[in-house]
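As a plain string of letters, each chain reads:
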Amino acid sequence: MPRIRAFAPVAAFLLALLLAAPALAQVEVEGPGAGEGGTVAPGLELPAPEAEPPAADVQLYMPEEDQLIGRLTIPNRSLATLVQPEGRTWRAFRMETLFWIAGIVILGTLAALAAFYFWRGTIRIDRGRSDRWVPRFNGLERFAHWTTALSFIALALTGLIVTFGRFLLIPLMGHDAFTATSEVSKNLHNFSSVPFVLGLVLMLALWIRDNLPTRADLVWLKHGGGMFSRNASFHPESGRFNAGQKGIFWAVVLGGIAMTVTGIMLMTPFYVTGVSGMQIAHVVHAILAALMIAMILGHIYIGTIGMEGAFDAMGKGEVDENWAIEHHRGWYEAQRDAGRQPAPGTRPAGAD
Ligand code: HEM
């Protein structure tokens, strides 16, 4: 018994050691090296992360003119822009503001034209058709007009697809079909700019003389061209083009030039300007496009359902004598004085 008593403390120590062994064999490690439960076997611990990252040997970027610019040894300096804070402002414009501006301008114009048509109806030729025809636009003039017009319509439709397709077309046709549609649209948009510019230059050369401002334009403008009077027989005096048409001519020419310049900047990234310049070019291009589309909608309205006899001018190149007298008396009289007499048409006299 005394022997057993002598071993009791040793046995208790050994037992305690046995129970504590597993706990001592594991070391608590937190952080990336820790496995599930936050422990790893001894010897496999990862070094604890340092409080501060080591200072970089090479400075990766430095703020410069509000941009974060890297250092490059290759010739393409534009790739050095790592972060461009203005990009966020531009993206907000592209994804939201533009949607509202263009939507309100274009849909607002369509609504206003519909309301105007409802109120005024088609502006008729007061005295009816005479069936005597006055030459108004020759073949070259009509070629210039329709080249510009058709390419503008292609530019407008493809531009709208590229800008709004993501919101409007993806829900209708799905991603795959939209990918193909937007790719075709973008190429068609770029290629349509060529005939548009050619038509624009031709129209400018052919019509600039007839679109210089005159005193009669002030009278025409003062009376709103007689458009807002329901008194059908009231037509303010005008030459070959009235003040409204002159406004459209100059808006098409100057707007077309601005669209062309900004379009070229966007088509040739980094050749003409950098990222910031392209963002400004895009904003100008997009807002002008919306305004021009709205204006041309008004032009198409008056050239078709808005005014009886107007389409003949660009469709067949001649206009009814009564239309010419009512809408462009000054020009009509100059034609007559120059010996360009109206020719009878093939329709029976008196037919509407
Ligand atoms: C389907 C589309 C179009 C139709 C039906 C149309 C119709 C007409 C008509 C009938 C005229 C002659 C007006 C007159 O004899 O006094 C005209 C002139 C003109 N058109 Fe168009 N046009 C269309 C598209 C365009 C487009 C897209 C542009 C330019 C982007 C344009 C620019 C002009 C210009 C500058 C004139 C001369 C000034 C004026 O009459 O306003 N047209 N158009």
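The structure displayed is predicted, hence computed values, not measured ones. Residue numbers here run from 1 along each chain, matching the order of that chain's written sequence. Reporting of local features is limited, given that this is a predicted model, to residues whose pLDDT is at least 70; pairs of side-chain atoms are given and counted only at 80 or more, and all residues count toward the totals for whole chains, interfaces and linings. The side-chain numbers reported here are obtained from all heavy atoms of the structure, hydrogens and water having been left aside.

Draft legend 1. The arrangement of the pattern of salt bridges in detail. Salt bridges are counted wherever a side-chain nitrogen of Lys or Arg sits within 4 Å of a carboxyl oxygen of Asp or Glu. Following the criterion strictly, the structure yields 11 salt bridges and no others. For Glu308, the salt bridge identified is with Arg129, shortest N-O distance 3.7 Å. In this pair, Glu308 is assigned in the loop between helix 7 (275–303) and helix 8 (311–315) and Arg129 in the loop between helix 2 (86–120) and strand 6 (132–135), connecting sequence segments 179 residues apart. When a residue's accessible area, from a 1.4 Å probe over protein chains only, is under 20% of the maximum for its type it is buried; when over 50% it is exposed; and in between it is partly exposed. When its relative accessible area of 11% is taken as the criterion, Glu308 is described as buried. For Arg129, the salt bridge identified is with Asp312, shortest N-O distance 3.2 Å. With a gap of 183 residues between them, Arg129 in the loop between helix 2 and strand 6 and Asp312 in helix 8 connect regions that are remote in the sequence. Taken together, the salt bridges that share partners define one network made up of Arg124, Arg129, Glu308 and Asp312. Labels follow the DSSP assignment, with helices taken as runs of H or I lasting at least four residues and strands as runs of E lasting at least two, numbered in each case from the N terminus.

Draft legend 2. Region of the structure containing the environment of Glu237. Structurally, the position occupied by Glu237 is in the loop between helix 5 (215–222) and helix 6 (243–267). Between the alpha carbons of Glu237 and His328 there is a distance of 6.9 Å; along the sequence they are 91 residues apart.

Draft legend 3. View of the coordination of the iron atom of the ligand. Here the coordinating atoms are restricted to nitrogen, oxygen and sulfur within 2.8 Å of the metal centre, or 3.2 Å for Na, K and Ca, and because water is not among them the sites may look incomplete. The coordination sphere of the iron atom of the ligand, as far as protein atoms go, consists of His145 (NE2) and His299 (NE2), spread over 2.0 Å. In this structure, the iron atom of the ligand is coordinated by 6 donor atoms arranged in octahedral fashion, with angles at the metal of 86 to 179 degrees. Here the residue His145 occupies a position in helix 3 (residues 139–168), and His299 occupies one in helix 7, the gap between them amounting to 154 residues. The class for His145 is buried, based on a relative accessible area of 12%. Overall, His299 belongs to the partly exposed group, its relative accessible area being 30%. Just to be clear on the cut-offs, tetrahedral is four donors with all angles between 85 and 135 degrees, square planar is four donors and octahedral six with opposite donors over 155 degrees apart and all others between 65 and 115, and anything else goes down as irregular.

Draft legend 4. Examining the packing of helix 2 against helix 7 more closely. Axis lines are fitted to C-alpha atoms, over the contacting stretch for helices. Their N-to-C directions set the angle, which ranges from 0 to 180 degrees. Packing of helix 2 against helix 7 leaves a shortest axis separation of 9 Å and a crossing angle of 5 degrees. Taken together, helix 2 and helix 7 sit at an angle that is classed as roughly parallel. Charged means Asp, Glu, Lys or Arg here, nonpolar means Ala, Val, Leu, Ile, Met, Phe, Trp, Tyr, Cys or Pro, and polar covers whatever is left, Gly included. When grouped by side-chain class, the residues that make up the contact of helix 2 with helix 7 number 20 nonpolar, 6 polar and 2 charged. Any angle that falls under 35 degrees is termed roughly parallel, while one over 145 is termed roughly antiparallel, one within 65 to 115 roughly perpendicular, and all others oblique.

Draft legend 5. Here's a closer look at the site of the ligand. Neighbouring residues are identified by heavy atoms, a residue being near a molecule or strand if any of them is within 4 Å of it. Neighbouring the ligand are 22 residues; Arg136, His145, Gln245, His299 and Ala313 lie closest to it. Here a polar contact is taken to be a pair of N or O atoms separated by no more than 3.5 Å, where protein atoms must pair a possible hydrogen donor with a possible acceptor and residues adjacent in sequence count only if both atoms sit in side chains. Within the side chain of Arg136, an N or O atom sits 2.8 Å from an oxygen atom of the ligand. Take Gln245: an N or O atom from its side chain is 2.4 Å from an oxygen atom of the ligand. Looking at the shell around the ligand, the elements that each hand over two or more residues are helix 3, helix 4 (170–207), helix 6, helix 7 and helix 8. The residue makeup of the shell around the ligand, split by class, is 16 nonpolar, 5 polar and 1 charged.

Draft legend 6. Spotlight on the layout of surface pockets. A pocket, in this scheme, is an open set of points on a 1 Å grid over the protein atoms alone with protein on both sides within 12 Å along at least 5 of 7 lines, while a cavity is a set where a 1.4 Å probe fits but cannot get out; residues line either one if an atom lies within 4 Å of a point. Grid points are joined across faces, edges and corners, and a volume is the space filled by probe spheres set on the points. In this model, the second largest pocket occupies a volume close to 1,100 Å³. Lining the second largest pocket are 39 residues; nearest its centre among them are Val162, His189, Leu266, His282 and His285. Looking at the lining of the second largest pocket, the elements that each hand over two or more residues are helix 2, helix 3, helix 4, helix 6 and helix 7. A per-element tally of the lining of the second largest pocket places helix 7 first, with 10 residues. Tallied by class, residues from the lining of the second largest pocket come to 25 nonpolar, 12 polar and 2 charged.

Draft legend 7. Representation of unusual backbone geometry. The backbone of Asp131 sits at a positive phi, close to 65 degrees, despite the residue not being glycine. Position of Asp131 relative to the elements: it lies in the loop between helix 2 and strand 6. For Phe270, which is not a glycine, the phi torsion comes out positive at approximately 70 degrees. Positionally, Phe270 belongs in the loop between helix 6 and helix 7.

Draft legend 8. Molecular detail of the sheet that holds strand 6. Strands are treated as partners if at least two bridges between them are detected by DSSP. The 3 strands are arranged 7-6-8 in an open sheet whose pairing can be described as antiparallel. Two strands close off the open sheet at either side, each with one partner strand: strand 7 (318–320) and strand 8 (343–344). Pairing analysis gives 2 bridges linking strand 6 to strand 8, with the strands arranged antiparallel. Across the sheet, the residue bridging to Arg132 is Pro344, located in strand 8.

Draft legend 9. Structural context of the nonpolar core. Membership of the largest hydrophobic core comes to 30 residues, with the highest contact counts inside it found for Phe152, Trp207 and Val319. Breaking this core down by element, the ones donating at least two residues are helix 3, helix 4, helix 6, helix 7, helix 8, helix 9 (321–327) and helix 10 (329–337). Not counting residues within four places of it along the chain, the set of residues in contact with Val319 comprises Arg132, Trp133, Val134, Arg136, Gly309, Ala313, Ala324 and Trp331. Phe93, Phe164, Ala286 and Ala290 belong to the second largest nonpolar core, which has 6 residues in total. The definition of a nonpolar core used throughout is a set of buried Ala, Val, Leu, Ile, Met, Phe, Trp, Tyr and Cys residues joined through side-chain atoms within 4.5 Å. In this analysis, two residues are considered to be in contact whenever any of their non-hydrogen atoms come within 4.5 Å of each other.

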